[in-house]
Amino acid sequence: MLKQSDFLNLKESTWCAGCTNFALHRALVQALIELNIKPHNTAITFDIGCAGNACNIYKTYGFHLLHGRIIPVAMGAKTANDKLTVIAIGGDGGVYGEGVGHLIEACRANPDITTIVSNNKLYSLTKGQASPTSKKGVKTKSTPYGLDKPALNPLTRALSSEAKFIARGYTGEVKHLTEIFKKAISYKGFSLVDVLQPCITLDKINTREYYKERVYRLGKNWPTKNKDKAFKKLQEDKKIPLGIFYKK
Ligand code: SF4
C-alpha cells in the first residue's frame with residue numbers, strides 16, 4: 001500500500017508554516033494513492049509561485065517551468081508517453097493570467113491531463129500583488145487605490161471555451177477535495193479543478209473564516225451534464241458552491 005511519504009518529502013517545503021497548500025497536496029496524494037497510481041507513473045508540471053514550489057517536495061517526475069507554461073508541457077508529456085498520469089499545477093496568476101491562452105486552448109483540444117489551480121486570489125510568492133481572480137476594489141501592493149477591474153471568473157471562461165470537466169474544491173475540505181481529484185484524474189480528457197486556497201500570511205480578506213461561512217457542496221443530484229445550469233451556478237457570488245459543476 002502506497003503512503004504519502006512515497007510521493008512527498010515535506011522537509012523540502014519552502015511554504016509558510018500552516019500554508020493551506022499542504023492540505024491541497026495531501027488531498028492530491030491521497031487521490032493518487034486511492035487510484036493506485038504510483039510515483040514513477042506520474043508526471044507533474046509546476047508553475048512559478050507558491051503553488052509551483054510544490055516541485056521541491058514531490059518524488060514523482062516533475063518539471064518546474066516558466067510562468068504560465070505548465071499546460072503545454074503537460075500536453076507534451078502526455079503525448080510522449082500516454083501511460084503516464086499527467087497533472088499541471090499552478091496558481092491563479094500563472095494559469096489564469098500569464099497562461100490563460102494555454103488554458104483556453106486545452107479546453108478546446110481536450111488532452112487527457114488534469115490542471116489544478118491553487119487559487120488564493122493573489123500573487124503570493126512576490127508578496128501579495130493583485131491577480132486575475134482578485135476582487136474589484138481590493139487594495140494590494142500593486143493596487144494601492146483599489147483594483148479597477150472585475151475579477152476573472154475562470155470556470156465560466158473555461159466552460160465557454162468548451163471545457164468538459166470543471167470542478168471547484170476548497171483546502172478546508174480535504175476529503176471532498178480528494179474525491180474531486182480522484183474523479184478529475186480518472187476523467188479521460190481535460191479536467192480543470194480550481195482550488196480555493198487561502199493565503200494565511202498575506203490575505204486578510206479571503207481567509208479561512210471567510211470561506212467557512214460561504215462554501216457549500218453541490219448536492220448528490222446536481223445535473224453535471226447540464227451546461228446551462230453549470231454556467232448559472234458558477235456565477236453565484238454570495239455563497240460559494242463546491243463540487244463537479246460540469247462533466248461531459
Ligand atoms: Fe502559502 Fe501564502 Fe505563505 Fe505562499 S505566502 S507559502 S500561499 S501562506
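Here's a quick rundown of the structure. Worth saying up front: this structure is predicted, and the values here are computed from it rather than measured.

**What to know about the layout of surface pockets**
Then, in step 1: Volume-wise, the largest pocket comes out at about 510 Å³.
Then, in step 2: As for the largest pocket, its lining consists of 22 residues, and the residues nearest its centre are Lys121, Lys135, Ala151, Glu236 and Asp237.
Then, in step 3: Put simply, the parts of the chain that give the lining of the largest pocket at least two residues each are α6 (154–160), β8 (191–196) and α8 (208–214).
Then, in step 4: Taken together, the residues of the lining of the largest pocket sort by class into ten nonpolar, four polar and eight charged.
Then, in step 5: Its boundaries defined by the atoms lining it, the second largest pocket holds a volume of some 290 Å³.
Then, in step 6: In terms of lining residues, the second largest pocket is bounded by 13 residues, among which His176, Lys183, Leu218, Gly243 and Ile244 are the most central.
Then, in step 7: Mapped by element, the contributors of at least two residues to the lining of the second largest pocket are α7 (174–186) and β10 (240–247).
Then, in step 8: Per-element tally for the lining of the second largest pocket: the top contributor is α7, with four residues.
Then, in step 9: Of the residues that constitute the lining of the second largest pocket, the class distribution is five nonpolar, four polar and four charged.

**Considerations on the nonpolar core**
Then, in step 1: With 34 residues, the main nonpolar core has Leu28, Tyr58, Ile87, Ile116 and Phe181 as its most contacted residues.
Then, in step 2: In terms of residue count, helix α2 (residues 21–34) provides more of this core than any other element does, seven residues in total.
Then, in step 3: Not counting the four nearest positions on each side in its chain, Tyr58 is found in contact with Phe7, Leu8, His25, Leu28, Val29, Ile44 and Phe46.
Then, in step 4: In terms of nonpolar packing, the next biggest core, distinct from the first, is built from 30 residues, Ala106, Ile113, Trp222 and Phe245 among them.

**Considerations on the packing of aromatic side chains**
Centre-to-centre distance and the angle between the planes together describe a pair of aromatic rings.
Then, in step 1: For the structure on display, the rule yields five aromatic pairs.
Then, in step 2: With a centroid separation of 5.7 Å and an interplanar angle of 45°, the aromatic rings of Phe46 and Tyr58 are classed as tilted. Of this pair, Phe46 sits in strand β1 (residues 42–46) while Tyr58 sits in the loop between β1 and β2 (61–64), and the two are twelve residues apart along the sequence.
Then, in step 3: With centroids separated by 5.3 Å and ring planes inclined at 80°, the aromatic side chains of Tyr210 and Tyr211 adopt a geometry described as edge-to-face. For the residue pair Tyr210 and Tyr211, the accessibility class agrees, reading buried in each case.
Then, in step 4: A network of ring pairs unites the aromatic residues Tyr170, Tyr210 and Tyr211 as a single cluster.

**Some thoughts on the site of the ligand**
Then, in step 1: Near the ligand, the surroundings consist of Trp15, Cys16, Cys19, Cys50, Asn120, Ser124, Gln197, Cys199, Ile200 and Thr201.
Then, in step 2: Of the residues belonging to the shell around the ligand, the class tally is six nonpolar, four polar and no charged.

**A few points about the packing of helix α3 (residues 70–80) against helix α5 (residues 100–109)**
Then, in step 1: Where α3 meets α5, the closest approach of the two axes is 8 Å, and the angle between their N-to-C directions is 35°. Facing α3, whose interface residues are Ile71, Pro72 and Met75, α5 presents His102, Leu103, Ala106 and Ala109.
Then, in step 2: Here the residues of the contact of α3 with α5 are counted per class, giving six nonpolar, one polar and no charged.

**Notes on the sheet that holds strand β9 (residues 215–217)**
Then, in step 1: Spatially, β2-β1-β3-β4-β8-β7-β10-β9 is the arrangement adopted by the eight strands of the open sheet, whose pairing is mixed. At either margin of the open sheet sits one strand with a lone partner, and together these are β2 and β9. Taking the axes of each pair of neighbouring strands and ignoring which way they run, one obtains an average angle of 20° across the sheet.
Then, in step 2: Direction of pairing for strand β3 (residues 85–91) relative to strand β4 (residues 114–119): parallel, over a ladder of five bridges. The residue bridging Gly90 from the neighbouring strand is Val117, located in β4.
Then, in step 3: Strands in contact with α2 are β1, β3, β4 and β8; relative to β3, the strand with the most contacts, it is inclined by about 170°.

**Details of the pairing of β4**
Then, in step 1: Counting buried positions along β4 yields six of six residues, so the element is predominantly enclosed.
Then, in step 2: Where burial is concerned, the two faces of β4 agree: the one with Thr114, Ile116 and Ser118 and the one with Thr115, Val117 and Asn119 are both buried.

Calculation rules
- Residues numbered from 1 in each chain as written.
- Predicted model: local features only at pLDDT ≥ 70, side-chain atom pairs only at ≥ 80, totals over all residues.
- Heavy atoms only, no water.
- 1 Å grid on protein atoms, 1.4 Å probe; cavity = no way out; pocket = protein on both sides within 12 Å on 5 of 7 lines; lining within 4 Å.
- Points joined across faces, edges and corners; volume = space filled by probe spheres on them.
- Helix = DSSP H or I, 4+ residues; strand = E, 2+ residues; numbered from the N terminus.
- Nonpolar A, V, L, I, M, F, W, Y, C, P; charged D, E, K, R; others polar.
- Core = buried A, V, L, I, M, F, W, Y, C linked by side-chain atoms within 4.5 Å.
- Buried < 20%, exposed > 50% of the residue type's maximum accessible area, 1.4 Å probe, protein only.
- Contact = heavy atoms within 4.5 Å.
- Phe/Tyr/Trp six-rings, centres within 6.5 Å; stacked < 30°, edge-to-face > 60°.
- Near = heavy atom within 4 Å.
- Axes fitted to C-alpha atoms, helices over the stretch in contact; angles between N-to-C directions.
- Pairing = 2+ DSSP bridges.

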